[in-house]
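Chain by chain, the residues run as shown.
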Amino acid sequence: MESKQNKVGLIGLIALTVTSVVGGGVFNLMNDLANNASVGPVIIALVISGAGMGMFVMCLNQLTRSYPELDAGIYSFAEKGFGSFVGFICALGYWASIFLGNVAFGSLAFSALGYFFPIFGDGQNIYGVIGASIVLWGMHFLILKGSDFASKINGFITLAKLLPLGIFIVTLIIAFDYNMFTADFWGTLSGNFEWNAVFNQVRKAMVSVVWVFVGVEGAVVYSSRAKDKSTVAKATILSFAIITSIYLLATVLSFAVLSRGELAELSKPAMAEVMESVVGQWGAILINVGVVISVVGAWFACTMFSGEILYQVSKEKIFPKMFAKVNKHDAPVNALLLSNGLVQFFFFSLLINESAYNLMALLASSTMLVPYFFVSLSHCKLNWQMNKKINGKIVLGIVTSIYMGFVLYMSGFDYLLVTTLLFTPGILIFIWSRKENKLSVFTRGEKIGATVLTIGGILCITFIATGLIDVANM
């Protein structure tokens, strides 16, 4: 057991969360959004997405305080509300999203290094893969030293990555051009607010925005290793405030120094070219260094998360118990080994078939919303069971559930169907774990859910084989 002194504190939890969320996405967000919307709709999309994820953070905060015994991460709230199978699906989606995202982090980190060392190319050649593999296993052995040790390292990474972001924001505030900012503010032919045109821009922008908030629940994942529950709640709220401020300022201010058309034409990372347009080449160098630090920091935090979530669900008998093994530092040995072993496998797959990575990247994005949606629904159900009346907490849960459902809907039918490819084979792992622990496998409702997932997986394979779903161009 970890002593009180070795538990992760407030700063450590904030560092883990901010570092895991503010990864590579923020450095190209202005380009992604400019391709879909003008600055007015972008602001609306950021405010709505921020409010939606803020409500989700409030739901997590309330659930953490109401059920302090549930310290296995956000999946445990879904299990409390809807049973073991839903808990398993949420845990599987969450874990897979994180470790598959680590493949992208490794590739992006060495793509950014390619700015300084062309040998790494786009991060997907043999040199990029070898470099990413070395970093991956270096992280692996650092994390085996224990969560407190790893979180302290992550704290330094967080400070190092926030510095270039801070310089970027201050620079753009100084260079703010009001006329540039207000030109084509709504992106309409008339130049005025038009509901249909603005709504379509907001809808498209929200699809890009929602993904960059993934991971705001990071402090909850480590709740069992935190000093106390109040620390988890504070870390979650403070992390969200920091993350939202960074996204809002870095993105919106970019529209005050370059036009929407110019932002849409920038290459990755777009922030480097925005900075270069204001201060010259040293700005691009600074931001590219920031990209490397930021991505490696997010990669480090998510590597910790991937092992931790698999370890926690194994302790709760949702995954096979072999993944609950820890070393003398209380680090999850087998869970971390499996997670990083899979990341390594997909690193090598980049050299053979890049289209396989496209599918994995798609699954990494789409699976995370599933646990978010069920946790929101669980918040409603559990609060109703406690109070048997409509109150502010239930209203919060209802609104958050509607928001998460809306985002899932906006993702599109193809995205949801492809996601079943991950969940369908996972059913076999669930059966293995239940039988290993001598527990009944499915309730009647869970059988229906497993059947629906299986049908979805079969349909998806059929649609991909017949060309009805083009994974490479989704």
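Look up: the structure comes first, before these words.
Just so you know, these numbers come straight off a predicted model, no measurement behind them. (Residues numbered from 1 in each chain as written. Predicted model: local features only at pLDDT ≥ 70, side-chain atom pairs only at ≥ 80, totals over all residues. Heavy atoms only, no water.)

Caption draft 1: Fine view of the overall build of the chain. Helix and strand counts for the chain come out as 20 helices and zero strands. When each of the 474 residues of the chain is scored for burial, the buried share is 55%. Put simply, of all contacts in the chain between residues at least 6 apart along the chain, 82% involve residues at least 24 apart. Of the roughly 19,300 Å² that the chain leaves accessible, carbon and sulfur atoms contribute 67%. (Helix = DSSP H or I, 4+ residues; strand = E, 2+ residues; numbered from the N terminus. Buried < 20%, exposed > 50% of the residue type's maximum accessible area, 1.4 Å probe, protein only. Contact = heavy atoms within 4.5 Å. Areas by Shrake-Rupley, 256 points an atom, 1.4 Å probe, with all protein chains shown as cover.)

Caption draft 2: Molecular detail of helix α20 (residues 444-466). Taking 1.5 Å per residue as the helical rise, α20 with its 23 residues ought to reach 33 Å, and the 33 Å between its terminal C-alpha atoms agrees with that figure. Buried within α20 we find Glu446, Ala450, Leu453, Gly456, Gly457 and Cys460. Looking at the buried side of α20, the elements it contacts are α5 (84-113) and α19 (413-436). Taken from the residues just after α20, Gly467 is the one with a positive phi, measuring 85 degrees. (Expected span 1.5 Å × (residues − 1).)

Caption draft 3: How the structure looks around the packing of helix α6 (residues 126-143) against helix α14 (residues 281-315). Two elements in contact, α6 and α14, have axes whose closest approach is 10 Å; the angle formed by their N-to-C orientations is 50 degrees. Here α6 is positioned oblique relative to α14, judged by the angle of their axes. Regarding α6 and α14, the two cross each other, and that crossing is right-handed. Together, Ala132, Val135, Leu136, Met139, Leu142 and Ile143 of α6 and Val296, Trp299, Phe300, Thr303 and Met304 of α14 make up the contact between the two elements. Residues of the contact of α6 with α14, tallied by class, amount to ten nonpolar, one polar and no charged. (Axes fitted to C-alpha atoms, helices over the stretch in contact; angles between N-to-C directions. Parallel < 35°, antiparallel > 145°, perpendicular 65-115°, else oblique. Left-handed = near helix turned anticlockwise from the far one by under 90°. Nonpolar A, V, L, I, M, F, W, Y, C, P; charged D, E, K, R; others polar.)

Caption draft 4: Examining unusual backbone geometry more closely. The backbone of Asp330 shows a phi angle near 65 degrees, a positive value even though the residue is not glycine. With respect to the element layout, Asp330 can be found in the loop between α14 and α15 (333-352). Judged by its relative accessible area of 16%, Asp330 is buried. Residues other than glycine seldom take positive phi values, yet Lys388 does so here, at roughly 55 degrees. Tracing the sequence through the fold places Lys388 in the loop between α17 (369-387) and α18 (392-411).

Caption draft 5: Here's a closer look at the environment of Thr303. Following the sequence through the fold, Thr303 ends up in helix α14. Reaching out from Thr303, the side chain makes a polar contact with the backbone oxygen of Trp299 at a distance of 2.7 Å. (Polar contact = N/O pair within 3.5 Å; in protein donor to acceptor, adjacent residues only side chain to side chain.)

Caption draft 6: Focus on the packing of helix α3 (residues 39-66) against α17. The N-to-C vectors of α3 and α17 enclose an angle of 50 degrees; their axes lie 10 Å apart at closest approach. Taken together, the axes of α3 and α17 are oblique relative to one another. Seen from above, α3 lies across α17 with left-handed handedness. In this structure, α3 contributes Met53, Phe56, Cys59, Leu60, Gln62, Leu63 and Ser66 to the contact, and α17 contributes Tyr372, Val375, Ser376, His379, Leu382 and Met386. For the contact of α3 with α17, a count of residues per class yields nine nonpolar, four polar and no charged.

Caption draft 7: Structural detail: α18. Over its 20 residues, α18 extends 29 Å from the first C-alpha to the last, a length consistent with the 28 Å expected when each residue adds 1.5 Å. Residues of α18 that are buried: Ile394, Leu396, Gly397, Thr400, Ser401, Tyr403, Met404, Val407, Leu408, Met410 and Ser411. Residue Asn391 occupies the N-cap position of α18, its side-chain oxygen lying 3.2 Å from the main-chain nitrogen of Lys393.

Caption draft 8: Geometry of the packing of aromatic side chains. Counted by the stated rule, this structure contains 20 aromatic pairs. Considering the side-chain rings of Phe176 and Phe181, the 5.2 Å spacing of their centres and the 45 degrees angle between planes classify their relative orientation as tilted. With a relative accessible area of 34%, Phe176 lands in the partly exposed category. Ring plane angle 70 degrees and centroid distance 5.9 Å describe the contact between Phe181 and Phe185, whose orientation is recorded as edge-to-face. We classify Phe181 as buried; its relative accessible area is 13%. An aromatic cluster is defined as three or more aromatic residues linked by ring pairs; in this entry it consists of Phe85, Phe88, Trp95, Phe99, Phe319, Phe430 and Phe442. (Phe/Tyr/Trp six-rings, centres within 6.5 Å; stacked < 30°, edge-to-face > 60°.)

Caption draft 9: Expanded view of the side chain of Asn340. Within the secondary structure, Asn340 sits in helix α15. Within the structure, the side chain of Asn340 is placed 2.9 Å from the side chain of His140, a separation counted as a polar contact. In contact with Asn340, other than residues within four places in its own chain, are Leu136, Trp137, His140 and Thr303.

Caption draft 10: View of the environment of Ile287. With respect to the secondary-structure elements, Ile287 resides in helix α14. Ile287 sits 175 residues away from Ala112 along the chain, and the two C-alpha atoms are 9.7 Å apart.

Caption draft 11: Looking closely at the side chain of Thr188. For Thr188, the location among the structural elements is in the loop between α8 (178-182) and α9 (195-212). Looking at Thr188, the relative accessible area reads 10%, which means it is buried. Of note is the side chain of Thr188, whose polar atom sits 3.1 Å from the backbone nitrogen of Gly191. Here Thr188 is in contact with Glu194, Ala197 and Val198, once residues within four sequence places are set aside.

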